[in-house]
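# Reading the structure
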Amino acid sequence: MPTQNLDASYFSEAQKDWDLERLLKDLEARQQKKLPTAQQRNLRAILLGHSPKDASQKLHMAETSLKPAFSALYRLIEDLTDQPNTTVTYKNAPLVLAKYRKEAMSINAKFNLLGRDSDRLELEKLRKQHKIVLLKAGAGVGKSTLSRAFLETQFKKVIEIKMGAEFGKVTPVEEKVSQILQQNFDEEPSHDFQTNLEIWRQKLSDRSCPVGVLMDNLEPTLDENYRFRESLRGYEDLLRVLCDRDVCSFTLITSRRSLVAQRVTLREYKLEGLNITAWQQCFRDCENAETSEALIQMCEAYNGNAKVMDILHGAIANRFDGNIESYWNRYKNALLADSELKTLVTVEMDWLRDNQPDAYKLFCRMGCHRYQDIKTVPFEGLLCLLWDVPESQRAYIRVVGK
Ligand SMILES: Nc1ncnc2c1ncn2[C@@H]1O[C@H](COP(=O)(O)OP(=O)(O)O)[C@@H](O)[C@H]1O
Ligand SMILES: [Mg+2]
């Protein structure tokens with residue numbers, strides 16, 4: 001194959017209408033390897049609507065050598081866009097990839113988060129099958145950031161329902177729905193909650209303007225059984241509207257815990273921390289971030305937690321002159337020395353103390369096993385620590401423990 005055929009100028013007109021960078025990034029994330037230069041060129045030809053025959057003439061190549069390469073791209077596009085097998089061709093590829101057109105992009109902000117490409121693809125898939133998805137993860141993993149970025153890049157209109165501070169007062173749902181009607185839809189709310197919900201349901205059913213909804217930080221509304229607290233049960237009605245058959249909105253809920261709600265269909269998505277590649281990108285202004293063993297250990301020690309990554313990066317850049325090793329030498333045996341890091345853990349411990357006192361008791365008593373000496377403790381050994389808890393409740397701990 002003559003090398004000039006690989007020149008980036010071939011079919012470069014595609015650049016005008018298509019966000020090639022984002023499309024390539026998504027395709028490469030999907031197949032977990034880089035698209036060869038020749039395939040990038042063929043992809044541009046496909047976006048311009050060229051058949052293998054047209055393209056081969058323009059490239060002065062034999063059609064037979066291009067056909068299999070085009071077919072491989074069709075399969076990749078099917079995979080990316082969830083189209084059935086062997087349905088994509090050069091004729092419909094520009095259509096199924098429409099969301100990568102630049103004019104489509106101009107409506108939306110660009111998705112630009114470290115290490116979240118595969119989560120974004122997963123959420124795009126879930127969005128097609130579910131109306132409500134609950135993103136579940138511990139404090140600081142990155143739930144709110146991902147949810148906001150995802151909705152902003154998918155919807156022209158995003159409604160954010162903040163559930164309030166950690167243990168603070170939660171706004172009653174009646175008030176919340178009235179506010180939404182006024183602020184987001186310019187509607188005068190009625191005094192009747194059910195009427196307001198019905199107005200909202202109709203607004204969300206408008207197919208010409210699908211809405212993204214973010215319910216951020218659900219925890220303060222939940223009781224120890226993962227249900228809405230008695231006084232806040234009205235939020236179940238609100239969720240029922242959001243999963244109604246006719247609405248075309250998509251809702252993301254962020255929560256550290258699961259939700260149990262009657263007649264509400266939702267899908268739970270467990271969000272993991274950021275991987276080492278994302279950490280290396282975040283620390284790229286520090287010394288040897290790409291090769292640092294200390295950074296790998298830090299990422300592992302904190303399960304990739306995004307908030308921790310932010311805090312550590314700030315500390316290392318400002319107080320340790322960008323020297324990752326010297327920070328880690330000082331703090332690797334005191335993971336919670338920083339008060340901000342400690343808060344991430346105490347928030348969980350306080351919840352356990354207030355909502356699952358037996359589990360909290362168990363957790364504190366586990367301190368009797370010196371982790372420096374003992375690697376694992378058998379489950380029965382843990383149950384023995386609950387000597388003053390009735391047998392029936394110990395069985396419950398077994399379930400929670402698993
Ligand atoms: N993908 C990411 N890349 C870089 N920083 C991130 C990322 N996700 C979250 N962060 C940062 O981590 C912190 C915690 O994120 P947040 O979304 O508030 O966590 P959560 O909602 O799970 O408690 C924020 O300061 C945010 O800027
Ligand atoms: Mg959050």
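So, how was this worked out
- Residues numbered from 1 in each chain as written.
- Chains lettered and ligands numbered in written order.
- Predicted model: local features only at pLDDT ≥ 70, side-chain atom pairs only at ≥ 80, totals over all residues.
- Near = placed C-beta within 6 Å.
- Helix = DSSP H or I, 4+ residues; strand = E, 2+ residues; numbered from the N terminus.
- Nonpolar A, V, L, I, M, F, W, Y, C, P; charged D, E, K, R; others polar.
- Expected span 1.5 Å × (residues − 1).
- Buried ≥ 20, exposed ≤ 12 C-beta atoms within 10 Å, placed from the backbone.
- Arc of directions from axis to C-beta.
- Contact = placed C-beta atoms within 7 Å.
- pLDDT = per-residue confidence, 0-100.
- Pairing = 2+ DSSP bridges.
- Axes fitted to C-alpha atoms, helices over the stretch in contact; angles between N-to-C directions.
- Parallel < 35°, antiparallel > 145°, perpendicular 65-115°, else oblique.
- Left-handed = near helix turned anticlockwise from the far one by under 90°.
- Core = buried A, V, L, I, M, F, W, Y, C linked by C-beta atoms within 7 Å.
- Domains from an automatic or database assignment.

Quick look at the site of ligand 1 now. Around ligand 1, a shell composed of 17 residues is seen, among which Gly142, Lys143, Ser144, Thr145 and Ala306 lie nearest. Of all the elements in the fold, those that place two or more residues in the shell around ligand 1 are α9 (143-154) and α15 (306-319). The class makeup of the residues in the shell around ligand 1 is seven nonpolar, six polar and four charged.

Count 3.6 residues to each turn of an α-helix, and residues three or four apart come out pointing the same way. The terminal C-alpha atoms of helix α11 (residues 193-204), which comprises 12 residues, lie 16 Å apart, in line with the 16 Å expected from a rise of 1.5 Å per residue. Every buried residue of α11 is accounted for by Asn196, Leu197, Trp200 and Leu204. In an axial view of α11, the angular spread of the buried residues amounts to 100°, which keeps them on one side of the axis. Seen from the open side of α11, the exposed residues pointing more than 90 degrees away from its buried face are Gln194 and Thr195. Looking at the buried residues of α11, the elements they touch are α10 (173-185), β3 (211-216) and α12 (234-242).

Let us look at the confidence of the model for the protein. Per-residue pLDDT for the protein has a mean of 89; in total, 94% of the residues score no lower than 70. Put simply, helix α7 (residues 102-107) is where the protein has its lowest mean pLDDT, 60, and strand β1 (residues 132-136) is where it has its highest, 98.

This paragraph deals with the pairing of β3. The element β3 is largely enclosed, with a buried count of five among its six residues. Judged from the four bridges that link them, β3 and strand β4 (residues 250-255) form a sheet pairing that is parallel. Counted as the bridge partner of Leu214 is Leu252 from β4.

Before going further, it helps to examine the sheet that holds strand β2 (residues 157-162). Reading across from one edge, β2-β3-β4-β1-β5 is the order of the five strands in this open sheet, with parallel pairing throughout. The sheet is open, and its two borders are formed by β2 and β5 (267-270), each paired with just one other strand. For this sheet the average axis-to-axis angle between neighbouring strands, irrespective of direction, equals 20°. Summarising the sheet, β1 and β5 pair through four bridges and their orientation is parallel. Counterpart to Leu134 in the pairing with β5 is Glu268.

Taken N-terminus to C-terminus, the directions of α10 and α11 make an angle of 40°; their axes are 10 Å apart at the nearest point. One element, α10, and the other, α11, form an angle in the oblique class. Note on packing geometry: the crossing formed by α10 with α11 is left-handed. Listed contacts from α11 to Glu174, Val177, Ser178, Ile180, Leu181 and Phe185 of α10 are Phe193, Asn196, Leu197, Ile199, Trp200 and Lys203. Taken together, the residues of the contact of α10 with α11 break down into eight nonpolar, two polar and two charged.

Looking now at the environment of Phe11. Within the secondary structure, Phe11 is located in the segment before α1 (14-17). Along the primary structure Phe11 and Ser190 are separated by 179 residues, whereas in three dimensions their C-alpha atoms are 57 Å apart. Setting aside anything within four residues of it in sequence, one finds Phe11 in contact with Arg41, Arg44, Ala45 and Leu48.

Formed by 54 residues in total, the largest nonpolar core has its most connected members in Leu238 and Trp279. Per-domain counts for this core show at least three residues from each of domain 2 (117-270) and domain 3 (276-336). Here Trp279 is in contact with Leu274, Leu295, Cys299 and Met309, once residues within four sequence places are set aside. Tyr10, Ala14, Trp18 and Leu47 belong to the second-largest nonpolar core, a separate cluster that totals 23 residues.

Contact geometry for α11 and α12: axes closest at 10 Å, N-to-C directions at 25°. With respect to their mutual orientation, α11 and α12 come out roughly parallel. The element α11 and its partner α12 pack so that their crossing is right-handed. Contacts between α11 and α12 pair Phe193, Leu197, Trp200 and Arg201 from the former with Gly234, Asp237, Leu238 and Val241 from the latter.

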